[in-house]
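# Architecture and fold: a report
Now for the letters of each chain:
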Amino acid sequence: MSEGQGSAPEGESQGCCSKCIQKLKNLDPKTLSYIMKIINIINAALLAFTGIWVFISQSVDLLLVLAAMYVIMFSMILLFWELKLEACNICFLRNMGFMFSWRGRLLFFIFVGTLAFGLGTPGLVIGIFTFFNAAWNVTIVCIHPKYFEQLRETSEKAMADALRTEAAKFAANQAGAPEAAGVIEAGMGAGHEMKKWEDEQKAATPASGAAAGGGDLPAGWEQRTDEHSGTPYWVNATTGEQSWEKPT
């Protein structure tokens with residue numbers, strides 16, 4: 001009798017976790033991307049506050065002040081990345097190409113959180129929060145293939161736009177000042193043509209994905225492949241559900 005009563009809460013807890021995971025899986029990628037962006041911006045702002053707190057507390061420790069300056073600077077980099085400003089993307093392309101990779105951003109987040117540990121009690125608390133946020137980001141990437149695909153596409157688009165802008169500027173410099181305007185216009189025109197082609201390819205992707213899935217899948221399901229790991233996953237185009245396991 002007591003065993004039956006003791007197992008009920010455990011079953012309810014497991015059922016609740018399963019429901020939460022399923023809700024996350026079915027969440028629209030754009031909505032989830034917006035939520036993750038807000039969380040990461042808050043995390044970056046808290047890290048910046050940790051560094052500023054050192055100066056507010058009037059610390060005279062040189063090493064502590066240097067660590068605070070690094071935390072503020074690196075947290076601003078994370079903040080500007082989330083804001084997706086074109087000028088910032090060009091700066092990232094020139095100096096910090098790892099920001100266009102989610103693994104690179106994850107390691108950078110952890111690195112900044114580690115620096116915050118040395119900035120007193122606020123740094124310890126916010127550093128722990130940063131580690132939890134990094135784990136949360138990894139969890140979402142693992143359980144939501146569509147979100148990961150959109151994350152990758154957004155980063156690739158930002159990198160491609162920055163490359164096109166840099167190429168147009170380089171061509172303008174090579175052509176000389178009198179012809180600069182024409183070269184930049186031509187470069188931007190080529191960029192628009194490339195974007196149009198990318199959109200057309202993207203629109204054709206679902207059909208090809210459905211064909212790759214074969215005829216043995218249930219109605220509405222289609223197979224896709226994660227480009228980074230090469231692992232196939234399945235998406236239900238009707239319900240939006242994703243699965244790493246082949247549906248039957």
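Look above for the structure.
Now for a look at the structure at hand.

What counts and what doesn't
- Residues numbered from 1 in each chain as written.
- Predicted model: local features only at pLDDT ≥ 70, side-chain atom pairs only at ≥ 80, totals over all residues.
- Heavy atoms only, no water.
- Buried < 20%, exposed > 50% of the residue type's maximum accessible area, 1.4 Å probe, protein only.
- Helix = DSSP H or I, 4+ residues; strand = E, 2+ residues; numbered from the N terminus.
- Pairing = 2+ DSSP bridges.
- Polar contact = N/O pair within 3.5 Å; in protein donor to acceptor, adjacent residues only side chain to side chain.
- Contact = heavy atoms within 4.5 Å.
- Axes fitted to C-alpha atoms, helices over the stretch in contact; angles between N-to-C directions.
- Parallel < 35°, antiparallel > 145°, perpendicular 65-115°, else oblique.
- Left-handed = near helix turned anticlockwise from the far one by under 90°.
- Nonpolar A, V, L, I, M, F, W, Y, C, P; charged D, E, K, R; others polar.
- Phe/Tyr/Trp six-rings, centres within 6.5 Å; stacked < 30°, edge-to-face > 60°.
- Core = buried A, V, L, I, M, F, W, Y, C linked by side-chain atoms within 4.5 Å.

Counting buried positions along strand β2 (residues 232-236) gives four out of five residues, so the element sits mostly inside the fold. Strand direction decides the pairing type here: strand β1 (residues 221-225) and β2, joined by five bridges, are antiparallel. Note on β2: the bridge partner recorded for W221 is N236. Bridge count between β2 and strand β3 (residues 242-243): two bridges; the pairing is antiparallel. Each residue of the ladder has a partner; that of W234, found in β3, is S243.

Mapping N236 onto the fold places it in strand β2. Within the structure, N236 has its side chain in polar contact with the backbone nitrogen of T239 (distance 3.2 Å). Aside from chain neighbours lying at most four places away, what touches N236 is A219, G220, W221 and E241.

Taken in spatial order, the three strands of this open sheet run β1-β2-β3, and their pairing is antiparallel. On the outer flanks of this sheet lie β1 and β3, each paired with one strand and no other.

It is the contact of helix α3 (residues 62-83) with helix α4 (residues 86-95), at a shortest axis distance of 9 Å, that shows an interaxial angle of 125 degrees. It follows from the interaxial angle that α3 and α4 lie oblique. Relative to α4, α3 is oriented so that their crossing is left-handed. On α4, the residues that touch I77, F80 and W81 of α3 are C88, N89 and F92. Tallied by class, the residues present in the contact of α3 with α4 amount to five nonpolar, one polar and no charged.

Following the criterion strictly, the structure yields eight aromatic pairs and no others. On the basis of an interplanar angle of 45 degrees and a centroid distance of 6.0 Å, the ring pair of F49 and W53 is categorised as tilted. Of this pair, F49 and W53 both sit in helix α2 (residues 29-56), separated by four residues, roughly a single helical turn. Note on F49: relative accessible area 38%, which makes it partly exposed. We classify W53 as partly exposed; its relative accessible area is 36%. Considering the side-chain rings of F74 and F111, the 5.6 Å spacing of their centres and the 50 degrees angle between planes classify their relative orientation as tilted. Of this pair, F74 sits in helix α3 while F111 sits in helix α5 (residues 102-116), and the two are 37 residues apart along the sequence. For F111, a relative accessible area of 40% translates into the label partly exposed. Here the aromatic residues Y70, F74, F98, F108 and F111 are joined through ring pairs into a cluster of three or more.

Ranked by size, the top nonpolar core spans 25 residues in total, and within it L47, I77, L78, F92, M99, F108 and V112 carry the most contacts. Sort the elements by how many residues they give to this core and α3 lands first, with seven residues. Once you skip the residues sitting within four places of it in the chain, F108 turns out to touch F74, I77, L78, F98 and M99. Core analysis: the second largest hydrophobic core is formed by ten residues, L32, M36, L106 and I140 among them.

On to the side chain of N40, then. As for its placement among the helices and strands, N40 is situated in helix α2. Residue N40 is classed as buried on the basis of its relative accessible area of 6%. There is a polar contact of 3.4 Å between the side chain of N40 and the side chain of N137.

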